[in-house]
Amino acid sequence: LGMPTQAEKLHDAFKDKKDSLVDKQRQDLLAHYGGQEHAEKKLPRQLALGQSEAYVEYAEDGTVIKGQEKVIVNAKYEEDKLVNNHQKIWGSLWYNGKWGYACCGQFIRNSYCTGQTGLQAFEASKGNRMGQSPLYETSSKMVLAMQQQVQQQRETKPDDGPKKIQMGERNEG
């Protein structure tokens with residue numbers, strides 16, 4: 001450190017040698033892998049530094065006086081987005097505990113819309129098994145049969161009202 005001029009010259013020589021080695025390594029990589037057009041592209045300054053000069057001025061009560069307020073996204077997913085040629089959004093149909101598309105009766109998310117053909121097939125299969133357990137189907141069929149049986153009994157014999165049972169009589173029926 002007693003010779004500042006010589007130290008400065010050595011530092012300049014080191015920087016030149018380092019720059020030449022970095023350039024040589026870069027040229028070797030580009031020659032081997034290619035991609036010269038991508039290496040020269042520069043990002044805009046705003047994107048490179050991740051900042052912008054969006055000026056916003058607020059009043060004491062929090063309202064925006066000057067500039068544009070940031071838009072706050074309230075939902076995790078995009079809303080009212082139509083995909084795969086559907087005319088209605090996912091969730092516009094609810095049937096047997098399942099969500100689906102109301103335009104075609106599809107219950108598979110991100111499936112392609114089948115339009116009127118799918119809707120007709122859905123309407124035709126409404127009474128059939130649609131993913132419910134056999135136990136649920138059996139019990140619902142039993143309830144339906146019992147309701148029909150009660151209805152037939154009401155139609156065949158008129159109801160006289162509640163019967164009064166005397167002491168000692170047996171309740172039959």
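Residues numbered from 1 in each chain as written. Predicted model: local features only at pLDDT ≥ 70, side-chain atom pairs only at ≥ 80, totals over all residues. Heavy atoms only, no water.

S.K.: Tell me about the packing of aromatic side chains, and please be specific about residues and values.
M.R.: What the rule picks out here adds up to four aromatic pairs. When the ring of W90 is compared with that of Y101, the centres are 5.1 Å apart and the planes differ by 65°; the resulting orientation is edge-to-face. Highlighted residues: W90 in the loop between β2 (64-66) and β3 (93-95) and Y101 in the loop between β4 (98-100) and α4 (115-124), separated in sequence by 11 residues. Owing to a relative accessible area of 26%, W90 belongs among the partly exposed residues under this scheme. The ring of F107 has K98 lying over it, and the distance from NZ or CZ to the ring centre is 5.9 Å. (Phe/Tyr/Trp six-rings, centres within 6.5 Å; stacked < 30°, edge-to-face > 60°. Helix = DSSP H or I, 4+ residues; strand = E, 2+ residues; numbered from the N terminus. Buried < 20%, exposed > 50% of the residue type's maximum accessible area, 1.4 Å probe, protein only. Lys NZ or Arg CZ within 6 Å of the ring centre and 35° of its normal.)

S.K.: Go over unusual backbone geometry with me, naming the residues and quoting the values.
M.R.: One non-glycine residue, N85, lies in positive phi territory at about 70°. Tracing the backbone shows N85 in the loop between β2 and β3. N85 sits in the partly exposed class, given a relative accessible area of 47%.

S.K.: Before we move on, could you go through a negative patch on the surface and cite the residues and values that matter?
M.R.: Together, E8, D12, D16, D19 and D23 line one region of the surface with negative charge. Among the structural elements, D19 can be located in helix α1 (residues 4-33). The class of D19 is partly exposed, set by a relative accessible area of 45%. (Patch = residues over 30% accessible without salt bridge, like charges linked within 9 Å, V, L, I, M, F, W, Y side chains within 5 Å. Areas by Shrake-Rupley, 256 points an atom, 1.4 Å probe, with all protein chains shown as cover. Salt bridge = Lys/Arg side-chain N within 4 Å of Asp/Glu carboxyl O. Lys, Arg positive; Asp, Glu negative; His and termini not counted. Charge placed at Lys NZ, Arg CZ, Asp CG, Glu CD.)

S.K.: Kindly report on α1, identifying the contributing residues and their values.
M.R.: The first and last C-alpha atoms of α1 sit 43 Å apart over 30 residues, in line with the 44 Å expected at 1.5 Å per residue. In the segment just after α1, G34 is the residue with positive phi, at about 80°. (Expected span 1.5 Å × (residues − 1).)

S.K.: Got a sec to walk through the environment of L119? Specific residues and values, please.
M.R.: Tracing the backbone shows L119 in helix α4. Remark: the alpha-carbon pair of L119 and A102, spanning 17 residues in sequence, is separated by 8.1 Å. With sequence-adjacent residues up to four places away left out, L119 is seen in contact with A102, C103, C104 and G105. (Contact = heavy atoms within 4.5 Å.)

S.K.: Before we move on, can you summarise the state of the cysteines with the specific residues and values?
M.R.: Summed over the entire model, instances satisfying the criterion amount to zero disulfides. Take C113: it sits in no disulfide, and the sulfur closest to it among the cysteines is that of C103, at 3.7 Å. For C113, a relative accessible area of 11% puts it in the buried group. (Disulfide = S-S within 2.5 Å.)

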